[in-house]
Amino acid sequence: MMLEEKTISSDRIYTGKVISVKVDTVEVENKGYQKREIVEHPGAVGVVAINDNNEVVLVKQFRKPIEKVIWEIPAGKLESGENPKECAIRELKEETGYEAENLKLIHKFYTSSGFSNQKIYIYLATGLNAGENKLDEDESLEVYNIKLEEAYNMIIKNEIEDAKTSIGILLAKELI
């Protein structure tokens, strides 16, 4: 049995600022030809920033696709050709004002590989130094420092619903 699919053709149907969408025709062993709708994304980073008081830096912001305000770790989209670590440094500073003395990649994952190639890199940041944030023009958020144990409990109580945030906090709790 062959698990791979051979792409026969690919048609880009949308190119936007953040994503592109294409429809691939693939050959599936013993099943003929099938269509695959694929959302292409340049990737993103998330930063679990832990201060000297064992607090995690979280942001609250409105997310239009789900029509609600949610808790998240500082995060952002990779620019074309950007190194994930450099993106993590940039996003942490832009969103929270913090700079980290230590920044370590702790996980990377595909958000939903059934229809998208988006990959998120999760970094653990420690040795934080406060500064001023510089939000992007289209960003509006609030920054909070929450005890790591409380953030963990927020996941358990379903108060934190964002996947990258949940994964990052759960891993950080094991690593700190």
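All of these numbers come straight from a predicted model, not from anything done at the bench. Throughout, a residue's number is its position along its own chain's written sequence, starting from 1. In keeping with the predicted nature of the model, local features appear solely for residues at pLDDT of at least 70, side-chain atom pairs appear and are counted solely at 80 or more, and the whole-chain, interface and lining totals rest on all residues. In computing side-chain values, all of the structure's heavy atoms are included and hydrogens and water are not.

Chemist: Tell me about helix 2 (residues 148-156), and name the residues and values.
Modeler: Each residue gets one of three labels from its accessible area relative to the maximum for its type: buried under 20%, exposed over 50%, partly exposed in between, using a 1.4 Å probe on protein chains only. A run of H or I in DSSP counts as a helix once it spans at least four residues, and a run of E counts as a strand once it spans at least two, with each numbered from the N terminus. Among the residues of helix 2, Leu148, Ala151, Met154 and Ile155 are the ones counted as buried. Projection of helix 2 onto a plane perpendicular to its axis shows the buried side chains occupying an angular sector of 115°, all on one side. Contacts between residues were defined by any pair of non-hydrogen atoms, one from each residue, lying within 4.5 Å. Residues of helix 2 that are buried in the fold lie against strand 5 (55-63), strand 6 (68-72), strand 10 (142-147) and helix 3 (163-175). Directions from the helix axis toward the C-beta atoms define the arc.

Chemist: Which residues make up the sheet that holds strand 3 (residues 32-40), and what are the values?
Modeler: At least two DSSP bridges between two strands are needed for those strands to be called paired. What the three strands build is an open sheet, ordered 1-2-3; its pairing is antiparallel. The outermost strands of the open sheet, each flanked by one partner alone, are strand 1 (6-15) and strand 3. On average, each strand axis in the sheet is tilted by 20° relative to the strand beside it, whichever way the strands run. Pairing between strand 1 and strand 2 (residues 20-28): eight bridges, direction antiparallel. The partner of Ser9 across the bridge, within strand 2, is Thr25. Between the N-to-C directions of two axes lies an angle of 0 to 180 degrees, each axis being a line fitted to C-alpha atoms and, for a helix, fitted only over the stretch in contact.

Chemist: Account for the packing of helix 2 against helix 3, with residues named and values stated.
Modeler: For any two helices packed against each other, one specifies the crossing angle of their axes together with the interaxial distance. At a closest axis distance of 10 Å, the pairing of helix 2 and helix 3 adopts a crossing angle of 135°. For the element pair helix 2 / helix 3, the angle class is oblique. In this structure, helix 2 meets helix 3 at a crossing whose hand is left-handed. Contacts between helix 2 and helix 3 involve Leu148, Glu149, Ala151, Tyr152 and Ile155 from the first element and Ser166, Ile169, Leu170, Ala172 and Lys173 from the second. When the residues that make up the contact of helix 2 with helix 3 are grouped by side-chain class, the tally is seven nonpolar, one polar and two charged. Orientation categories follow fixed angle ranges, with anything under 35 degrees roughly parallel, anything over 145 roughly antiparallel, 65 to 115 roughly perpendicular, and all other angles oblique. Handedness of a crossing is defined here by the sense of rotation of the near helix relative to the far one, left-handed for an anticlockwise turn of less than a right angle and right-handed for a clockwise turn. Residues are grouped as follows: Ala, Val, Leu, Ile, Met, Phe, Trp, Tyr, Cys and Pro are nonpolar; Asp, Glu, Lys and Arg are charged; all remaining types, including Gly, are polar.

Chemist: Give me the lowdown on the sheet that holds strand 10, citing residues and values where you can.
Modeler: A sheet is described by the order of its strands in space; here three strands give the open sequence 6-5-10, paired in antiparallel fashion. The sheet is open, and its two edges are formed by strand 6 and strand 10, each paired on a single side. Pairwise comparison of adjacent strand axes, ignoring direction, gives a mean angle of 30° for this sheet. Sheet topology places strand 5 next to strand 10; six bridges connect them, and they run antiparallel. Paired with Val57 across the bridge in strand 10 is Asn145.

Chemist: Before we move on, can you summarise the nonpolar core with the specific residues and values?
Modeler: If you look at the biggest cluster of nonpolar residues, it comprises 20 residues, and the most contacted ones within it are Val48, Val56, Leu58, Ile122, Ile146, Ile160 and Ile169. Sorting the residues of this core by element identifies strand 4 (44-49), strand 5, strand 8 (99-110), strand 9 (119-129), helix 2 and helix 3 as the ones contributing at least two each. Each residue touching Ile160, except ones within four places of it in the same chain, is listed here: Leu58, Trp71, Ala151, Met154, Ile155, Thr165, Ser166 and Ile169. Joining through side-chain atoms within 4.5 Å is the link that ties buried Ala, Val, Leu, Ile, Met, Phe, Trp, Tyr and Cys residues into a set, and such a set is a nonpolar core. Formed by 14 residues, the second largest nonpolar core is a distinct cluster that contains Val45, Val47, Leu103 and Ala125.

Chemist: Explain the packing of aromatic side chains to me, using residue names and the numbers behind them.
Modeler: Ring geometry is summarised as follows: Phe, Tyr and Trp rings, the Trp one being its six-membered ring, pair when their centres sit within 6.5 Å, and such pairs are stacked at plane angles under 30 degrees, edge-to-face over 60 and tilted between the two. Summed over the entire model, instances satisfying the criterion amount to one aromatic pair. When the centroid spacing of 5.0 Å and the interplanar angle of 65° are considered together, the rings of Trp71 and Tyr144 count as edge-to-face. Taken as a pair, Trp71 in strand 6 and Tyr144 in strand 10 lie far apart in primary sequence, 73 residues in all. In this structure, Lys173 packs its charged tip against the face of Tyr152, placed 4.6 Å from the ring centre. Should the NZ of a Lys or the CZ of an Arg lie within 6 Å of a ring centre and within 35 degrees of the ring normal, that charge is described as sitting over the ring.

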